[in-house]
Amino acid sequence: MSHDPSPLAKLPDISEVVPFGAREEDQRCFDEIRAVLQKYDALQRFGVTLLHEHFDIGDDEVLVESVDVVNRVLSSTPGKPNRRPGVIETSWRLDDPVGRQRCETLCIRDRDIDGNEYHRQQHYMTG
């Protein structure tokens, strides 16, 4: 899991991002991505996200996703990353200039006293 933010370019602000469908080749690109995911039986595991940002965060910060399942609310706020066992990478940037992938979002899972895994109410996203 790589969390070194230095080599990646700054993402465009949401107001400046080119949305899906604005370019003629967007659908063809998605069709090819879908074919690769289907080839590796990963259509139910991986998807595509529009890379963007809404505000600057520090190099030592991440976006912390808080989930209120009952009220169906997802909130993101800057904070320090919490690295511990049970973390699952959930989104990646593939534009690293040295060919690495960089995890952008982390999801924390925990275990109860009986060892049963449960989903914690916070997620962690790098900036």
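To be clear, the structure that these remarks concern was listed above.
What you are looking at is a predicted structure, and each value in this text was computed from that prediction instead of being measured.

*Asks:* Sorry if this is basic, but what is going on with the packing of aromatic side chains here?
*Replies:* For any two aromatic rings, the description comes down to two numbers: the centre-to-centre distance and the angle of the planes. For the coordinates displayed, the defined rule picks out one aromatic pair. With centroids separated by 4.4 Å and ring planes inclined at 40 degrees, the aromatic side chains of Phe20 and Phe30 adopt a geometry described as tilted. Of this pair, Phe20 sits in the segment before helix H1 (26–39) while Phe30 sits in helix H1, and the two are ten residues apart along the sequence.

*Asks:* Mind showing me how you'd approach the pattern of salt bridges here?
*Replies:* Oppositely charged side chains are able to pair whenever their charged atoms sit close together. With the rule as written, the count across this model stands at four salt bridges. The salt bridge involving Lys10 is made with Glu53; its shortest N-O contact spans 2.3 Å. One end of the pair, Lys10, is in the segment before H1; the other, Glu53, is in the loop between H1 and strand S1 (62–68), and 43 residues separate them in sequence. Exposure remark for Glu53: the relative accessible area of 19% places this residue in the buried category. The residue Arg23 makes a salt bridge to Asp26 at a minimum N-O spacing of 3.4 Å. Among the residues examined, Arg23 registers a relative accessible area of 46% and is labelled partly exposed.

*Asks:* Got a minute to help me understand the environment of Ile33 in this structure?
*Replies:* Along the polypeptide, Ile33 turns up in helix H1. C-alpha of Ile33 to C-alpha of Val48: the two residues are 15 residues apart in sequence and 8.6 Å apart in space.

*Asks:* What should I look at first to understand a nonpolar patch on the surface in this one?
*Replies:* A contiguous nonpolar surface patch, about 340 Å² in accessible area, is contributed by Phe20, Phe30, Ile33 and Val48. On the accessibility criterion, Ile33 (31% relative accessible area) is partly exposed.

*Asks:* Please explain unusual backbone geometry as it appears in this structure.
*Replies:* If a residue is not glycine, its phi is most likely negative; likewise, a peptide bond is most likely trans. The phi dihedral of Asp41 falls on the positive side, at around 50 degrees, and the residue is not glycine. With respect to the helices and strands, Asp41 occurs in the loop between H1 and S1. Residue class for Asp41 comes out exposed when judged on its relative accessible area of 71%.

*Asks:* When you look at the environment of Leu43 in this model, what are you seeing that I'm missing?
*Replies:* Here Leu43 is to be found in the loop between H1 and S1. Residues Leu43 and Ile33, spaced ten residues apart in sequence, show a C-alpha to C-alpha distance of 9.7 Å. Beyond its immediate chain neighbours, meaning those up to four positions away, Leu43 contacts Arg34, Leu37 and Gln38.

Conventions adopted
- Residues numbered from 1 in each chain as written.
- Predicted model: local features only at pLDDT ≥ 70, side-chain atom pairs only at ≥ 80, totals over all residues.
- Heavy atoms only, no water.
- Phe/Tyr/Trp six-rings, centres within 6.5 Å; stacked < 30°, edge-to-face > 60°.
- Helix = DSSP H or I, 4+ residues; strand = E, 2+ residues; numbered from the N terminus.
- Salt bridge = Lys/Arg side-chain N within 4 Å of Asp/Glu carboxyl O.
- Buried < 20%, exposed > 50% of the residue type's maximum accessible area, 1.4 Å probe, protein only.
- Patch = residues over 30% accessible without salt bridge, like charges linked within 9 Å, V, L, I, M, F, W, Y side chains within 5 Å.
- Areas by Shrake-Rupley, 256 points an atom, 1.4 Å probe, with all protein chains shown as cover.
- Contact = heavy atoms within 4.5 Å.

These results come straight from atomic positions and should not be treated as a statement about function.
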